[in-house]
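Coordinate inspection notes
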Amino acid sequence: FNKIYVRCKNAAGNKDKANFVFQFCVDPAPDLAAPVILEASPLDNSPIAYNTSSVKATFYVNKPSSCKWANQNLAYNEMKNNMTCSQTIEEGTTTKNTIAYPCTATLNSIVNYKTNDFYVRCKSYPGRNESERAEMTNAYKYSLISTRPLQISKVTPNQTTIKSSSAVIPVTITVNTLGGANNGVAYCSYNLNNAGKVLMYETGKAQSTQNLNLDPGTYSLDISCADNAANTQTAHTNFTVYSDTLPPLVTRVYSQENNLNLITDENSTCVYSKTSCN
């Protein structure tokens, strides 16, 4: 029978006046229950980037154990891939409101465009007599989903000139993405004239947009996008912003088949009056 006495003090220095007592017993009989994997990181069925050949994964076990993994559902003794497992409570962590012992492994032989299945088995209390150890009856099945590559299908403006009659010109950057882990859904950033990467205001979709007000000039635009499986893609383009403050000029006037024809030096809208110069 064990007792642990606890008192607490807050940040202001106020202390408990009485002890809080934890009372518990330790069963002298050996623990013959099989280990349980409580959680994994990355989570089961997580998407992974295209062309990923291996992933470092951590499995959280409810007691000190030795663990192995395989690409097939084999018995513990038949599995060839050992894990590195924490064995002391000091090395443990807390997950799902209980102490867990992390076991890590590099899972390899991952194949593109499919769900890759792995099987994990653990055996409790390494170093004890075999009669006091317990092995998992059922393997823990763990899956990683290989995704398609992420693509940037379109960026605007692209190699064009944007004209306006105002001194500061509104420009909308638009990025369209395809593929990846979720049908093109991605988070995109822009870098204008190497001023630094900025997350686009409207992003986390298959189309990301950013509204800007720019001075006249030539701009270099770098785009970078990533999805939730760490697929990434980049794109580069240039565009020019031009402030046109001059009116159009009539370069030629002629009559043809009783029609008055005017040629201007730029795309224009023309009006006329027979009674007034206004």
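The text that follows walks through the structure, step by step, so that each part is easy to find. If you're wondering where the values come from, they're calculated on a predicted model, not measured in any experiment.

For the rest of this paragraph, the subject is the environment of I4. Its place among the elements puts I4 in strand 1 (residues 2–6). Given the relative accessible area of 41%, I4 is considered partly exposed. Along the backbone, I4 and Q23 are 19 residues apart, and their C-alpha atoms lie at a distance of 6.6 Å. Residues contacting I4, with those up to four places away along its chain left out, are F20, V21, F22 and F24.

Moving on, we come to the environment of T106. You can see T106 is positioned in strand 10 (residues 98–107). Each C-alpha atom of the pair T106 and D27 lies 36 Å from the other, and the pair is 79 residues apart in sequence. Non-local contacts of T106, meaning those with residues more than four positions away in its chain, are made with S54, V55, K56 and W69.

The final tally for this structure, using the stated rule, is five salt bridges. Close ionic contact of K123 with E130 constitutes a salt bridge, the shortest N to O distance being 2.6 Å. The exposure class assigned to K123 is buried, which follows from its relative accessible area of 12%. Here R133 makes a salt bridge to E130, at a shortest N to O gap of 3.3 Å.

Here we take up the sheet that holds strand 11 (residues 115–124). Here we have five strands laid out as an open sheet, ordered 4-12-11-6-7, and mixed in their pairing. Since the sheet does not close on itself, it has two edges, and those belong to strand 4 (46–48) and strand 7 (81–82), each with one partner. Pairing of strand 4 with strand 12 (residues 140–146), which is carried by three bridges, proceeds in the parallel orientation. Paired with P47 across the strands is I145, a residue of strand 12.

Parameters at a glance
Here the residue numbers are simple positions, counted from 1 along each chain's written sequence. Confidence filtering applies because this is a predicted model: local features only for residues at pLDDT of at least 70, side-chain atom pairs given and counted only at 80 or more, and all residues used for totals across whole chains, interfaces and linings. Water and hydrogen atoms play no part in the side-chain values, which are based on all heavy atoms of the structure. Helical segments are the DSSP runs of H or I of at least four residues, strand segments are the runs of E of at least two, and each set is numbered from the N terminus. Under the scheme applied here, a residue whose accessible area is under 20% of the maximum for its type counts as buried, over 50% as exposed, and between as partly exposed, the area being computed with a 1.4 Å probe on protein chains only. Only heavy atoms enter the contact rule, under which two residues are in contact if any of them lie within 4.5 Å. We count a salt bridge whenever a side-chain nitrogen from Lys or Arg sits within 4 Å of a carboxyl oxygen from Asp or Glu. Paired strands are those between which DSSP finds at least two bridges.

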